[in-house]
Amino acid sequence: MNQWQPISGGITAPNGFKAAGITAGLKASGKQDLALLLAPEAAVAAGVFTTNIVRAGCVDLCVERLQQSQGTARAVLINSGQANACTGDLGLIDSLRATAALADRLGLAHEEVLICSTGVIGVPIPMDLLLTAIDPLVDALAANSEAGAAAATAILTTDLVAKSHALELQIGSQLVRLGGIAKGSGMIHPNMATMLAFISCDVAVPAQQWQAMLGRAADNSFNSITVDGDTSTNDSLIAFAAGPQLEEQYWPLLEAGLNQMCEYLARAITRDGEGASCIIEVLVEGTETNNQARQIARTICGSSLFKTAIHGRDPNWGRIVAAAGRAGVCFDPEAVALWLGPHQLMANGEPLNFDRPAASLYLQTKGSGKYLENDQVDIHLVVGSGSGASRAWGCDLSAEYVRINADYTT
């Protein structure tokens, strides 16, 4: 009862939303590289963007248009292969050219079209190829799951898998659906990472409320994941809502679904971390506030020493408590209790005699588990008796990560 249920359809599962993904020739690989999402009329839009002060012109354009329109937009164009960041004035100029061409083709005001780019920093978009692809991209727009899947594929860079999800819940007299797609694999860290995520919803809520919901959902999901400690220049989370008005009494139910959607996509990004073999969930409890718990959990997930130990299937609990101790949150070391999966490693700040081979086997089993089903390593840390609690997600760190990123542009 009142539980959002997974369904098929991805970003196009909500009524009235269309998507497309095609090959425009932007990637040398010949893979799909240009996507489009189109929301129904009267859609409101919310966005959360990178906190990096070195950011792409497309991010600035999205922020400006959402602010000036007070949260209204109809479409977002996404190119992969080129981040179009650190390209000087050309970055913004090309973003304006691309959105203008698409708006004219769709019969929309230029300000109703947003743009997101992902790929190699410092490389501009081949605009002749992108502009030539506008017509076939619009022609490919459809409201079916195949079109949604094509869009989910077209936004990928080093990702191994596409990330798509959909949920539904009967709320009052309305069957409400949420859809989402995301990309991200490396350069992932809290306060937005090298990720793009897009969400659709087929009920209407006021733009200000929708933005607040998305901001809170982002803090609990995309801002609580890390792969490698690097925050990028193009990170964008954009959510559209359009449809019958949802009564205010049901807004908490909608926000619960939005949180569930964002958490799924964030975990999928983390699990797809470059070279990763498992996902790690760190639950911290006992702090004075939730934010303090989140800060500790994020710090643990970001520890390279901890992440390499997980990859080596080594239950080296010292790296966990050491990371917690440098998180900038005061707690009593003598109150610490720690679990690795079902194995308790510490109590009252002291180590316990635990079955080390069994704990290592637990890590081995998770490292060979099925993708996003039984491949999660659970860390539970209690640091006191406070009511604060929060989760963060990371992944193990392998030699494959170095191989992938050592020659990324060559």
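As shown above, the structure is provided for reference.
Remember, predicted model here, so these are calculated numbers, not experimental data.

(A) A look at the sheet that holds strand β14 (residues 350-351). An order of β14-β13-β12-β15-β11-β16 is seen for the six strands of this open sheet, with the pairing classed as mixed. At either end of the open sheet lies a strand with only one pairing partner, and these are β14 and β16 (388-395). Taken together, the four bridges between strand β12 (residues 337-340) and strand β15 (residues 376-382) define a ladder with antiparallel strand orientation. Residue pairing across strands places A337 opposite V382, the latter belonging to β15. The strands touched by helix α11 (residues 356-367) are β12, β13 (343-347) and β15; relative to β15, the strand with the most contacts, the crossing angle is about 130°.

(B) Representation of unusual backbone geometry within the structure. If you check the backbone angles, A42 has positive phi at about 70° while not being a glycine. When you line up the elements, A42 lands in the loop between β3 (34-38) and β4 (44-49). Classification of A42 by relative accessible area gives exposed; the value is 72%. Positive phi, close to 60°, is recorded for R313, a residue that is not glycine. Here R313 lies in the loop between α9 (304-311) and α10 (318-325).

(C) Region of interest: the pairing of β4. Burial of β4 is extensive: six of the six residues sit out of reach of the surface. Of the two faces of β4, the one lined by V44, A46 and V48 and the one lined by A45, G47 and F49 are each fully buried. Of the strand pairs in this sheet, β4 and strand β10 (residues 236-241) are connected by six bridges, and their pairing is antiparallel. When the bridges of β10 are listed, G47 appears paired with I238.

(D) Inspection of helix α5 (residues 145-154) at higher detail. Turning to α5, its buried residues are A147, G148, A150, A151, A152 and A154. On its buried side, α5 packs onto β2 (18-22), β3, β5 (75-82), β7 (163-171) and β8 (174-183). The backbone nitrogen of E146 lies 3.2 Å from a side-chain oxygen of the residue at the head of α5, namely N144.

(E) View of a nonpolar patch on the surface. A contiguous nonpolar patch, built from L160, V161 and Y371 and spanning about 280 Å² of accessible area, is present on the exposed surface. Checked against the element boundaries, V161 lands in the loop between α5 and β7.

(F) Examining the nonpolar core more closely. Of all hydrophobic cores here, the largest spans 57 residues; its most connected members are L34, L37, V76, I78, L130, F198 and I238. Examining the composition of this core, we find that six residues originate from one element, helix α1 (residues 57-68), more than from any other. Sequence-distant contacts of L130, that is, excluding residues within four places in its chain, are made with L26, L34, L77, N79, A98 and I125. Counting 38 residues, the second largest nonpolar core, distinct from the first, contains A182, A239, L254 and L265.

(G) Highlighting the pattern of salt bridges. For the structure on display, the rule yields 11 salt bridges. Between E281 and R391 there is a salt bridge, with its nearest N and O atoms 3.1 Å apart. Residue E281 is found in strand β11 (residues 279-287), and its partner R391 is found in strand β16; the two are separated by 110 residues along the sequence. Among the residues examined, R391 registers a relative accessible area of 39% and is labelled partly exposed. Salt-bridge contacts for E373 lead to K370; the nearest nitrogen and oxygen are separated by 3.8 Å. Across this residue pair, the class does not change: E373 and K370 are exposed. It is possible to trace a salt-bridge network through shared partners that takes in R105, D135 and D139.

(H) A look at the packing of helix α6 (residues 207-219) against helix α7 (residues 251-271). Remark: α6 packs on α7, axes separated minimally by 9 Å, with the N-to-C direction vectors making an angle of 40°. The orientation of α6 with respect to α7, classified from their angle, is oblique. The chirality of how α6 crosses α7 is right-handed. Contacts between α6 and α7 involve Q209, W210, M213, L214, R216 and A217 from the first element and W251, L254, E255, L258, N259 and C262 from the second. Here the contact of α6 with α7 is composed, by residue class, of eight nonpolar, two polar and two charged.

The rules behind each value
- Residues numbered from 1 in each chain as written.
- Predicted model: local features only at pLDDT ≥ 70, side-chain atom pairs only at ≥ 80, totals over all residues.
- Heavy atoms only, no water.
- Pairing = 2+ DSSP bridges.
- Helix = DSSP H or I, 4+ residues; strand = E, 2+ residues; numbered from the N terminus.
- Contact = heavy atoms within 4.5 Å.
- Axes fitted to C-alpha atoms, helices over the stretch in contact; angles between N-to-C directions.
- Buried < 20%, exposed > 50% of the residue type's maximum accessible area, 1.4 Å probe, protein only.
- Polar contact = N/O pair within 3.5 Å; in protein donor to acceptor, adjacent residues only side chain to side chain.
- Patch = residues over 30% accessible without salt bridge, like charges linked within 9 Å, V, L, I, M, F, W, Y side chains within 5 Å.
- Areas by Shrake-Rupley, 256 points an atom, 1.4 Å probe, with all protein chains shown as cover.
- Salt bridge = Lys/Arg side-chain N within 4 Å of Asp/Glu carboxyl O.
- Core = buried A, V, L, I, M, F, W, Y, C linked by side-chain atoms within 4.5 Å.
- Parallel < 35°, antiparallel > 145°, perpendicular 65-115°, else oblique.
- Left-handed = near helix turned anticlockwise from the far one by under 90°.
- Nonpolar A, V, L, I, M, F, W, Y, C, P; charged D, E, K, R; others polar.

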